[in-house]
Amino acid sequence: MSEQNYVSFTKEMKKTYTILAPNMLPIHFELILQVLRNEGYTIELLKATGPEIVETGLKYVHNDTCYPAILVIGQFIHAIQSGKYDPHRVALIYFQTGGGCRASNYIFLLRKALQRAGYGYIPVISFSMAGLEKHPGFSPGIPTLHRMVYALLYADLLMSLVGQTRPYEKQRGEAQALADTLCRSLADEMKQNGVSWRRVKPRMREIIRRFAEIPCDRSVKKPLCGVVGEIYVKFSSLGNNQLEKFLLSEGAEPVVPGLTDFLIFKIFNREVDVNIYGGKWIKKKVCQIFKGYVEQCQRDMIDALNNSHYFKAPGT
């Protein structure tokens, strides 16, 4: 897609614009967006969850479109119309993988909906692993992307610990409050000290210890209930209609898989592309090295959880 066909997010916009992000992965995005804030971006995670989100989405998106698209676009346009933001000083960001399904198509539906709503001038930033578009004002460098990989691993750990603590905590909300505090401090640490696995491994053990210190009553083991499926519906309370909250109220312990597996899968896809369709061997080699690195980091996280007294570790 050529640059003249969409509104580009410029370097000047970075100084004065607020970037709005959809609440697709609550814990992961809190940490990832904090990393971006430390890089000078003003960015907010949208959290509105009422029925008006669906109603707004259906107003501007065909009802045959898959449900996550209706919700994401509805959440964006609802925020713009709320009066909280100056429409001439906001941009929207959509995280894409570059695949052949919604991951690549939603951004075009979003721009079409903005045109219909009278906001065609608002920049929509495509943040894609495949580099689908260019935005001069949004070009995170290798150090930022490096921090975001660690943010993803930290978020997987936090999500697992919150999930395993919340059904048993004596004071409701303590596990989530600790996760929120840690999101901010972890992002600041990565900004100040850089990132290396040498620092991250002991930090993960410390995080596990802090969750283990939350007063809990584990005398009665609650049944485990796995939550699987499409990413947005699996992770977002807006997408799954507060499913985790419902399962907790029914006396279950919800188990939601982490996002690291999805990242490994996407890297492996690039490697397989070269095997099937051809391409440069260097691309395949880089993918193999990157995948091996992420897998090793994940194994270290799993080992840290296995060595804890209270918590179960996910599989590879």
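Use the structure listed above.
Undergrad: Would you take a moment to explain the pairing of strand β4 (residues 124–128) for this structure?
TA: Successive side chains on a regular strand alternate, one facing one side of the sheet and the next facing the other. Most of β4 is tucked away, with 5 of its 5 residues classed as buried. Of the two faces of β4, the one lined by Val124, Ser126 and Ser128 and the one lined by Ile125 and Phe127 are each fully buried. As judged from the 5 bridges shared by strand β3 (residues 90–96) and β4, these two strands associate in the parallel manner. If you follow Phe95 over to β4, its bridge partner there is Phe127.

Undergrad: Could you clarify how one ought to interpret the pairing of β3 in this entry?
TA: Burial within β3 is extensive, with 7 of its 7 residues counted as buried. The two faces of β3 match: Val90, Leu92, Tyr94 and Gln96 on one face and Ala91, Ile93 and Phe95 on the other face are all buried. In terms of strand pairing, strand β1 (residues 18–21) meets β3 through 3 bridges, oriented parallel. Across the sheet, residue Ile19 finds its bridge partner in β3, namely Ala91.

Undergrad: Mind showing me how you'd approach helix α8 (residues 197–212) here?
TA: Residues lying three or four places apart along an α-helix face the same way, a consequence of the helix completing one turn every 3.6 residues. Here α8 spans 22 Å end to end across 16 residues, near enough to the 22 Å set by a 1.5 Å rise per residue. Where α8 is concerned, the buried positions are Trp197, Val200, Arg203, Met204, Ile207, Ile208 and Phe211. Considered in projection along α8, the buried side chains sweep an arc of 145 degrees and stay on one side of the axis.

Undergrad: Can you walk me through the sheet that holds β1 in this structure?
TA: On the basis of which strands lie adjacent, the open sheet formed by 4 strands has the order β2-β1-β3-β4 and parallel pairing. Two strands lie at the open edges of the sheet, namely β2 (42–45) and β4, each paired on one side alone. Shown here is a sheet whose adjacent strand axes are inclined to one another by a mean of 30 degrees, direction ignored. Sheet topology note: the β1/β2 ladder contains 4 bridges and is parallel. When the sheet's bridge partners are listed, Ile19 is paired in β2 with Ile43. On the sheet, helix α2 (residues 26–37) packs against β1, β2 and β3 and is oriented at approximately 170 degrees with respect to β2.

Undergrad: When you look at the environment of Lys191 in this model, what are you seeing that I'm missing?
TA: Topologically, Lys191 is positioned in helix α7 (residues 174–193). Setting aside residues up to four positions removed in sequence, Lys191 forms contacts with Asn38, Glu39 and Arg147.

Undergrad: Help me understand the packing of α2 against helix α6 (residues 142–165) in this model?
TA: The angle between the axes and the distance between the axes are what describe a pair of packed helices. Taken N-terminus to C-terminus, the directions of α2 and α6 make an angle of 150 degrees; their axes are 8 Å apart at the nearest point. One finds that α2 runs roughly antiparallel with respect to α6. Seen from above, α2 lies across α6 with right-handed handedness. Facing α2, whose interface residues are Ile27, His28, Leu31, Ile32, Val35 and Leu36, α6 presents Thr144, Arg147, Met148, Ala151, Leu152, Tyr154, Ala155, Asp156, Leu158, Met159 and Val162. Its residues assigned to classes, the contact of α2 with α6 comprises 13 nonpolar, 2 polar and 2 charged.

Undergrad: I tried to follow the side chain of Asp300 on my own but got confused; where do I start?
TA: With respect to the helices and strands, Asp300 occurs in helix α12 (residues 281–306). Lys201 provides the closest opposite charge to the buried, salt-bridge-free Asp300, at an N-O distance of 4.1 Å. With near-sequence residues (within four places) excluded, Asp300 lies in contact with Trp197 and Lys201.

Undergrad: It is not clear to me how the environment of Asp273 should be interpreted in this structure. Could you clarify?
TA: Positionally, Asp273 belongs in helix α11 (residues 260–277). The spacing of Asp273 and Lys283 is 10 residues in sequence and 9.9 Å in space, taken between C-alpha atoms.

Undergrad: What am I meant to see in the nonpolar core here?
TA: When a protein is soluble and globular, its nonpolar side chains tend to lie buried together. Core analysis: the biggest nonpolar cluster contains 98 residues, and Ile19, Leu92, Ile93, Phe138, Ile207 and Phe211 have the highest contact counts within it. The element that contributes the greatest number of residues to this core is α6, accounting for 13 residues. When sequence neighbours within four positions are dropped, the list of residues in contact with Leu92 reads Ile19, Leu20, Phe76, Ile80, Leu110, Leu114, Ile122, Pro123, Val124 and Ile125.

Rules of the game
- Residues numbered from 1 in each chain as written.
- Predicted model: local features only at pLDDT ≥ 70, side-chain atom pairs only at ≥ 80, totals over all residues.
- Heavy atoms only, no water.
- Buried < 20%, exposed > 50% of the residue type's maximum accessible area, 1.4 Å probe, protein only.
- Helix = DSSP H or I, 4+ residues; strand = E, 2+ residues; numbered from the N terminus.
- Pairing = 2+ DSSP bridges.
- Expected span 1.5 Å × (residues − 1).
- Arc of directions from axis to C-beta.
- Axes fitted to C-alpha atoms, helices over the stretch in contact; angles between N-to-C directions.
- Contact = heavy atoms within 4.5 Å.
- Parallel < 35°, antiparallel > 145°, perpendicular 65-115°, else oblique.
- Left-handed = near helix turned anticlockwise from the far one by under 90°.
- Nonpolar A, V, L, I, M, F, W, Y, C, P; charged D, E, K, R; others polar.
- Lys, Arg positive; Asp, Glu negative; His and termini not counted.
- Salt bridge = Lys/Arg side-chain N within 4 Å of Asp/Glu carboxyl O.
- Core = buried A, V, L, I, M, F, W, Y, C linked by side-chain atoms within 4.5 Å.

Note that all results are geometric; they support no functional claim without further evidence.
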